[in-house]
Structure formats: structure tokens, C-alpha cells
Amino acid sequence: MNTQLRERIAESYARVCEEVAEIATKAGREPESVRVVVVTKGHPVEIAQAAAAAGAHDLAENYPEQGLQKIQEVGTGNGVQWHMIGHVQSRKVRMVVEHYNMLHSLDSMKLARRLDRFAGEMQHKLPVLIQANVSGEASKYGWQAVSEDEKLKLAEDVAELETLPNLEIGGLMTMAPIVSHVDEARPFFERLRRLSERLADEFPKVSWRELSMGMSSDYAGAIQEGATLVRIGSAIVGPRPT
Ligand SMILES: *Cc1c(COP(=O)(O)O)cnc(C)c1O
């Protein structure tokens, strides 16, 4: 493996982990309560290998088939977990159930029912996070969760999700809108945390432990609001090749 590349990734991974721990500590949280998920989308396999060699245990991809090659080369040894964080098309459901350890981007009931069916066939329980759109932007996937009506509809769907035997709900995921200043993202993370608290009251048997929120440009505010999984790409692996 390219030594220079390896060193560069190891350095930036360590730096981000340190910063994440520092922000958590300042916010009065245990540094271990925030996991750094390294997003390698659009980058070659060597980058994922370098991240794993640097000690990253959580790697993420947006496109199921692009991640597959990396999963095969990097493997799931050394405790590496693979996260799917992008929209999953119907025909990719089997691949996700078969190869990924967790899906952050559960964004519809249709997808949920299909995942549940495939997971059942494979006698396998798939950990999922419910993607919520707390900004109201039309371009985002996930359950709309801004107005009271939308939150009630989400709760109605959670009642059904809870009954799907082969999915294991672990919490919520969101993407903040692109903002001009980092501080402007924090209110959206606060919304997700509040939504999680509300759902926890209503569905006490479901685990709402995970909050997957925060990316390279906005993870500080996410950690301050309780993120347990931050999905970080460019700050660790560099800008995506175009
Ligand atoms: C690309 C991506 C990330 C990481 O983005 P960076 O800005 O590179 O850190 C996180 N979450 C999702 C859903 C993404 O698509």
C-alpha cells in the first residue's frame, strides 16, 4: 500500500478523532459516546484500506455496489463495520441486507418492508436508523418531520416499523442543510434530538440510542446536541475525486 497515502489518512483520522473527543468532553459527554464513521464514497479501495489500517472501525458508503468492492477487499475482520448511508433503491435491498452491518438511511415504509422481507429470508436482523428530514428541504430523503402533522405521521409509521421482526431500529439519522456558517446547522441537530426524545416517550420498547448526525463541515454542533455517530468524509479522506 502507498505509504504516503496511508500516513496522510492515519494523521487526519487521528486528528478528527481527537477533535471529536475534545468537543464531546467540552459538552460534558463521554468521548467514547461518539463514534467516527469514515465516509469513503467516491474514493478508491486504497483509501478504505488506509482508514482501516489507521484503526477506523466504522466505514461508510453511499452506493451499495461501490461499497461492495471495498467490503470484499477490506473485509469485516479487525472489527470493521460497514454502514450504508445513502438512499437504497429497491433492487439494491438484497445487497444491503447481505453485506452491510447497519443502514442509516431508512427513508420509507416501502423500503422497510422490503428490507424486512429479505432479512427474514436470510435469517438475519438488520440494524437500521430512521432518516428524518427536519429541515423541510424538498431535496432530502427521509420522513418529513417539521410540522406536527408530519411528526404524527412518522409516529404512525414507527408503530408499524416496530412490528417488522427482522429490522432492529437503533435511532435516528439526519442531514442538516448546507449553511453558510457552522453554527447555523446546530438547530437542526437539536430538532433531531428532540424528535428522538419524543419518540422515546411514545415508543419505550424501541431503542433510540443512536443519533447519526454531523458531517465534515458541521460535526461540532451535532456532537453538542448529542450525536453518537458522526459521518465524516472529506475531513479525513480528502475532497471527493471529480
Ligand atoms: C457524503 C456524506 C457524508 C460525509 O460528507 P463530508 O462532507 O465529506 O464529511 C455524510 N453523510 C452522508 C449521508 C453523505 O452522503
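The preceding data block contains the structure.
For the structure given in this document, a descriptive report is provided here. Here the structure is a predicted model, which means the values were calculated and not measured. (Residues numbered from 1 in each chain as written. Predicted model: local features only at pLDDT ≥ 70, side-chain atom pairs only at ≥ 80, totals over all residues. Heavy atoms only, no water.)

Of all eight residues in strand β5 (residues 126–133), seven are buried, a share of seventy percent or more. When strand β4 (residues 102–106) meets β5, the two strands line up parallel, connected through two bridges. Each residue of the ladder has a partner; that of L106, found in β5, is I130. Each parallel crossover has a hand, and for β4 linked through helix α5 (residues 109–121) to β5 it is right-handed. Looking at chain direction, β5 and strand β7 (residues 167–173) are connected through six bridges and run parallel. Residue pairing across strands places V128 opposite I169, the latter belonging to β7. Alignment of β5 against strand β6 (residues 143–144), held across two bridges, turns out to be parallel. (Buried < 20%, exposed > 50% of the residue type's maximum accessible area, 1.4 Å probe, protein only. Helix = DSSP H or I, 4+ residues; strand = E, 2+ residues; numbered from the N terminus. Pairing = 2+ DSSP bridges. Right-handed = clockwise from strand over helix to strand, strands pointing away.)

In this section: the nonpolar core. In terms of nonpolar packing, the biggest core is built from 70 residues, with L59, L103, L106, L115 and I130 touching the most fellow members. Examining the composition of this core, we find that seven residues originate from one element, helix α1 (residues 3–26), more than from any other. Not counting chain neighbours up to four residues away, the residues in contact with L103 comprise M84, V88, V96, L111, L115, L126, P127, V128 and L129. Within the second largest apolar cluster, eight residues are counted, among which are V39, A60, M102 and L129. (Core = buried A, V, L, I, M, F, W, Y, C linked by side-chain atoms within 4.5 Å. Contact = heavy atoms within 4.5 Å.)

Our focus in this paragraph is the environment of W208. For W208, the position within the fold is in the loop between α7 (186–202) and β8 (210–212). Its relative accessible area of 9% is what places W208 among the buried residues. Along the backbone, W208 and E61 are 147 residues apart, and their C-alpha atoms lie at a distance of 23 Å. If we skip the residues at most four places from it in the chain, W208 touches I130, V158, I169, G170, G171, L172, S196, L199, A200 and F203. Polar contacts involving the side chain of W208 include one to the main-chain carbonyl oxygen of F203, which spans 3.1 Å. A distance of 3.5 Å separates a polar side-chain atom of W208 from the backbone oxygen of V206. (Polar contact = N/O pair within 3.5 Å; in protein donor to acceptor, adjacent residues only side chain to side chain.)

As for its placement among the helices and strands, L154 is situated in helix α6 (residues 148–161). Judged by relative accessible area, which is 0%, L154 ranks as buried. Residues L154 and A27, 127 residues apart in the sequence, show an inter-C-alpha distance of 30 Å. Once residues lying within four places of it in the same chain are set aside, the contact partners of L154 are I130, W143, A145, L195 and L199.

Inspection of the secondary structure puts T40 in the loop between β1 (35–39) and α2 (45–53). Non-local contacts of T40, meaning those with residues more than four positions away in its chain, are made with I47, A48, A60, E61 and K70.

Around the ligand, the neighbouring residues are V39, K41, N62, I85, M175, M215, S216, R231, I232, G233, S234 and R240. Within the backbone of G233, an N or O atom sits 2.8 Å from an oxygen atom of the ligand. Contacts to the ligand include R240, whose side-chain N or O atom sits 3.0 Å from an oxygen atom. Coverage of the ligand by the protein amounts to 93% of the 390 Å² it exposes when considered alone. In terms of residue class, the shell around the ligand is made up of five nonpolar, four polar and three charged. (Near = heavy atom within 4 Å. Areas by Shrake-Rupley, 256 points an atom, 1.4 Å probe, with all protein chains shown as cover. Nonpolar A, V, L, I, M, F, W, Y, C, P; charged D, E, K, R; others polar.)

Once that is clear, we can look at α6. The terminal C-alpha atoms of α6, which comprises 14 residues, lie 20 Å apart, in line with the 20 Å expected from a rise of 1.5 Å per residue. Close packing links the buried residues of α6 with β4, α5, β5, β6, β7 and α7. (Expected span 1.5 Å × (residues − 1).)

Let's shift gears to unusual backbone geometry. You will see that Q123, though not glycine, has its phi angle at about 50°, which is positive. Within the element layout of this structure, Q123 appears in the loop between α5 and β5.

Of the positions making up helix α3 (residues 64–74), those classed as buried are P64, G67, L68, K70, I71 and V74. Each element contacted by the buried residues of α3 is listed here: α2, β2 (58–61), β3 (81–84) and α4 (93–99). Residue G75 follows α3 closely and has a positive phi angle near 80°.

A separate point is the packing of α1 against α2. Axis angle and axis distance: for two packed helices, these are the angle between their axes and the distance between the axes, and together they describe the pair. Contact pair α1 / α2: the axes reach a minimum separation of 9 Å and the direction vectors enclose 55°. The angle between the axes of α1 and α2 places the two elements in the oblique class. Judged by the sense of rotation from one axis to the other, the crossing of α1 with α2 is right-handed. Taken together, the residues of α2 that come into contact with α1 (itself represented by L5, R6, R8 and I9) are E46, I47, A50, A51 and A53. Here the residues of the contact of α1 with α2 sort into six nonpolar, no polar and three charged. (Axes fitted to C-alpha atoms, helices over the stretch in contact; angles between N-to-C directions. Parallel < 35°, antiparallel > 145°, perpendicular 65-115°, else oblique. Left-handed = near helix turned anticlockwise from the far one by under 90°.)

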